[in-house]
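What the coordinates show
Next come the chains, spelled out residue by residue.
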Amino acid sequence: MEWYNKSKEEAITELGTDEFQGLSEQEAVLRLDKYGKNELAAQAKKSFAAKLLAQFADFLIIILIVAAIVSAAVGEVSDSIVILAIVVINALLGIYQEGKAEKSVEALQKMSAPNAKVIREGRQIEVPAANVVPGDIVILETGDIIPADVRLIESSNLKIEEAALTGESVPVEKDAKEIIEGKAGIGDRHNMGFLSTIVSYGRGKGLVVGTGHNTEIGHIATTIQSYDEEETPLQIKLNQLGKILGTACILICIIVFAVGLLQGRGVLEMLLTSISLAVAAIPEGLPAIVTIVLAIGMNRMAARNAIVKKLLAVETLGATTVICSDKTGTLTQNEMTVVKAYVDDKILDITGGGYEPLGTVKLDGKEINIDSLPDLRIFVTAGALANDAHLDNSSGLWKIAGDPTEGAIVTFAGKLGKTREELNEKFPRIEELPFDSARKMMSTFHKNYIPGKIVSFTKGAPDVVIKRCTKIALKGEIIDFTEELKNRVLSVNSQFAKSALRVLSAAYKEWDGLPEENTSETIEKDMIFLGLVGMIDPARPEVKDAIKECKDAGIEAVMITGDYKETAYAIAEQLGMAESEDQAMMGAELDNLSDDEIREVVKKTKVYARVSPQHKVRIVTALKENGNITAMTGDGVNDAMALKKADIGVAMGITGTDVAKNTAEVILTDDNFATIVNAVEEGRIIFSNIKKFVFFLLSCNIGEILLVFTSILLGWEVPLLPIQLLWLNLVTDSFPALALGVEPAEPNIMKQKPRDTKEGILDKAMYGGIVFQAVAISGACLLAYYLGVQKYGITENLPRIRTIVFATLITAELLRAFSSRSQDYTLFKIGFFSNKTMNKAVLVSFALTIVVLYIPFLNGIFHTVPLSAADWVNVLSLSFIPLIMGEIYKKIFKK
């Protein structure tokens, strides 16, 4: 049995305490020792050394380290130093790429109440919340943060704000006397209170039944800690690419080494040649370029109100196939708002959210002026006076202080020019009958409203208030509230309720003086009925368009909420997320399903209501197991586990709790669901550009391999040295690759379906293009080598011939970078110089090449010599071959 299944007497007996005396100080100390502090232990963080070591566990990095060791062993110290420097820089960039350490549990710790009011040895005392133990009796009053999970043992009009934990948009009414049969979700445990939730109304007492990690918040923290970091789609594809390149590199090195020995070449010469091949095969600049391009993407997303905490999350967004969204505060405004009113037998539509003045409402679709509806003004006066909520503008932003439903009426009155403060000053409250969850009403007495009279205003549940009324205000008169009229009002109430609106009614009564007996039976009867208002936490206006854009992009939007099914479906239908009620289901229904069954359910369900944090995790897990890349948006503690479990967690920056923000990879600074669509678009652009520069770099690397390999087979000298290949791979190619990383979006990128994450970074067409261009590159460079040998001879002019090949390869790469900007469109279509960043990158790379060729002390390091004008004629002529062949391939492939 759970605590909510037990009576308070059973719970008190089981925990060995006393409702009125509480625990003794001695017993409290013993229990603190037994159960531990009422706080959440932080997870051990990886040390910097451990993170650094993890960066070296990459196949390509290991090959580079071996190459550096061999270089040092054969006397090429400068090569060895450069290679090791590359390894260290990549490792440091990798650590940076991991971003901040997780702070989820720290944020959860901050949510705990600093102090708690408990009864010990018959006295009420205040103790640090960390020292609260199971069996303590906790006093709960309006405004208190509940210090632990408690079984309520006393409640008086008690309401607790649980939105951050359950997602429910209004405070939950609690009843200590209730004993719940069977299993109940967190939001339905009306005799329980939970750590970090807030008492919004009334008072009560609670028996502490769980502290620290044995609370609902604690279970979330423990689960978050237990999840392993999963690799992103881009990480998986880059790792796969690395293994393929590494394996190919080793095989080619072995073949070349063996061929060289068979040709009678020396072991030392072939070791250096193998190092050249290893360096040629590995795109050393790729990790750094990926990191920088992702960082640029982060900055672009930040400009569009999406802060990305983890670099690789930028690209993951682009692969998203399903967005699971919390309702409250994410799809909706997290503010109860009056949207319907019924007065004078008229159903009025209230348009316009926020706190702006309201001059008109809609009747039968037509705008009518507020001034023509005096009964509406009387109604809001009654609703605002029989009310304990108020509007607060102290921070410069309007917000509701108090119960959200009461706040909605106060806001509505304010929009009609009747502020609660002004009304109370004009019609002072002189007596009241507070709200009681049993009778579901509250009444307040005011003077000056009718000269010489006292007026009581009553606000409450429609079915209750209607029964207590004998008259109704209709068409400017007070007439008998007949059964026919009552049924008419009840029908409107039912109509509002079916639209998932929370409905309240108001009535009033005149008195010659204050009644002697201040009881409900005396006061709240024979009243005059004024009308109804229907309110809801409305959808954000921009979300509907965002969800349509998601559909166009092949992305499915799913609502997962702790709120009621009717409310959830009404919002989902309004936003275009769901079309029929059979697409909505309750969280409790998931409890009876196996994992296999849930995997089938998630294929057609669009709305999940009354779900627990564990339900959210099961839904996200099932979607992922079905092959989806799943994003989860949310703002509460109840979302934290699912945010962590999803491929990418997206938290709200304004309304989001610290827990949600620290668990998520992306934070929306404007709390706008539509911003995630912009982030998805940026993610798609980035992945498209990553494909472009990977294509560019690999075709060059394979061209280098073919160049060296073919030279060995032909019995020629190695045309390029390791240091030259490193310069090419790290410096010359990197600037154009970075320019490819900021290439503008291809047309209709958000009209395409999400890419299949099972596919590699490169598709079949790109593989063909890489081979085609690699052959063109190696062919041009082999021709440069051959012409150099014919002109200068090999004996004394090998450095010059290598320099010619070096310059040819660099220039060919720089020209080819322009062609790599699109796989489909020729340069004539996209414009040769239309990417200004590319123009600058090519100029910088070429200028650095001139420096290496013509600065004397660099000639010694890179084994180059200055080239003559005649040499440059050959270099430039041959450099255009790969560019022309690349453009021809586009035409052939497109055909």
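What this report covers is the structure whose coordinates are included nearby.

Conventions and cut-offs
Residues numbered from 1 in each chain as written. Predicted model: local features only at pLDDT ≥ 70, side-chain atom pairs only at ≥ 80, totals over all residues. Heavy atoms only, no water. Core = buried A, V, L, I, M, F, W, Y, C linked by side-chain atoms within 4.5 Å. Buried < 20%, exposed > 50% of the residue type's maximum accessible area, 1.4 Å probe, protein only. Contact = heavy atoms within 4.5 Å. Patch = residues over 30% accessible without salt bridge, like charges linked within 9 Å, V, L, I, M, F, W, Y side chains within 5 Å. Areas by Shrake-Rupley, 256 points an atom, 1.4 Å probe, with all protein chains shown as cover. Salt bridge = Lys/Arg side-chain N within 4 Å of Asp/Glu carboxyl O. Lys, Arg positive; Asp, Glu negative; His and termini not counted. Charge placed at Lys NZ, Arg CZ, Asp CG, Glu CD. Helix = DSSP H or I, 4+ residues; strand = E, 2+ residues; numbered from the N terminus. Phe/Tyr/Trp six-rings, centres within 6.5 Å; stacked < 30°, edge-to-face > 60°. Polar contact = N/O pair within 3.5 Å; in protein donor to acceptor, adjacent residues only side chain to side chain. Arc of directions from axis to C-beta. Pairing = 2+ DSSP bridges.

Re the nonpolar core
In terms of nonpolar packing, the biggest core is built from 124 residues, with Phe529, Phe693 and Val694 touching the most fellow members. With sequence-adjacent residues up to four places away left out, Val694 is seen in contact with Leu241, Leu286, Ile761 and Leu762. Counting 35 residues, the second largest nonpolar core, distinct from the first, contains Val361, Ile370, Ala386 and Ala473.

Topic: a negative patch on the surface
On the surface, Glu566, Glu573, Glu581 and Asp582 cluster together to form a negatively charged patch. Mapped onto the elements, Glu581 comes out in the loop between helix H21 (565-575) and strand S24 (584-586).

Observations regarding the packing of aromatic side chains
The relation between two aromatic rings is expressed through the spacing of the ring centres and the mutual angle of the planes. Tallying each qualifying case throughout the model produces 13 aromatic pairs. Pairing Tyr201 with Phe435 gives two aromatic rings, centres 6.3 Å apart and planes at 80 degrees, and the pair type is edge-to-face. Note that Tyr201 is positioned in strand S7 (residues 198-210) and Phe435 in strand S16 (residues 429-436), a separation of 234 residues in sequence. Here the two residues Tyr201 and Phe435 agree in accessibility, since each one is buried.

Some words on the side chain of Glu887
Residue position: Glu887 is located in helix H35 (residues 869-894). In this structure Glu887 comes out as buried when scored by relative accessible area, which is 13%. Looking at Glu887, its side chain comes within polar contact range of the side chain of Ser819, at 2.6 Å. A distance of 2.8 Å separates a polar side-chain atom of Glu887 from the backbone nitrogen of Leu827. With sequence-adjacent residues up to four places away left out, Glu887 is seen in contact with Ser819, Thr826 and Leu827.

Comments concerning helix H20 (residues 543-552)
Considered for burial, the residues of H20 that qualify are Val543, Ala546, Ile547 and Cys550. Along the long axis of H20, the arc covered by the buried residues comes to 100 degrees, so they all point the same way. Within H20, the exposed residues directed more than 90 degrees away from the buried face are Asp545 and Lys548. Residues of H20 that are buried in the fold lie against strand S9 (322-325), helix H13 (327-331), strand S23 (556-560), H21 and helix H27 (673-713). A positive backbone phi angle near 75 degrees is found at Gly554, which sits one or two residues after H20.

Side note on the pairing of strand S20 (residues 477-480)
Pairing of strand S19 (residues 469-474) with S20, which is carried by 4 bridges, proceeds in the antiparallel orientation. Its bridge partner lying in S20, Leu474 is registered against Glu477. Hairpin connection from S19 to S20: 2 residues lie between these consecutive antiparallel strands, with Lys475 at a positive phi of about 55 degrees.

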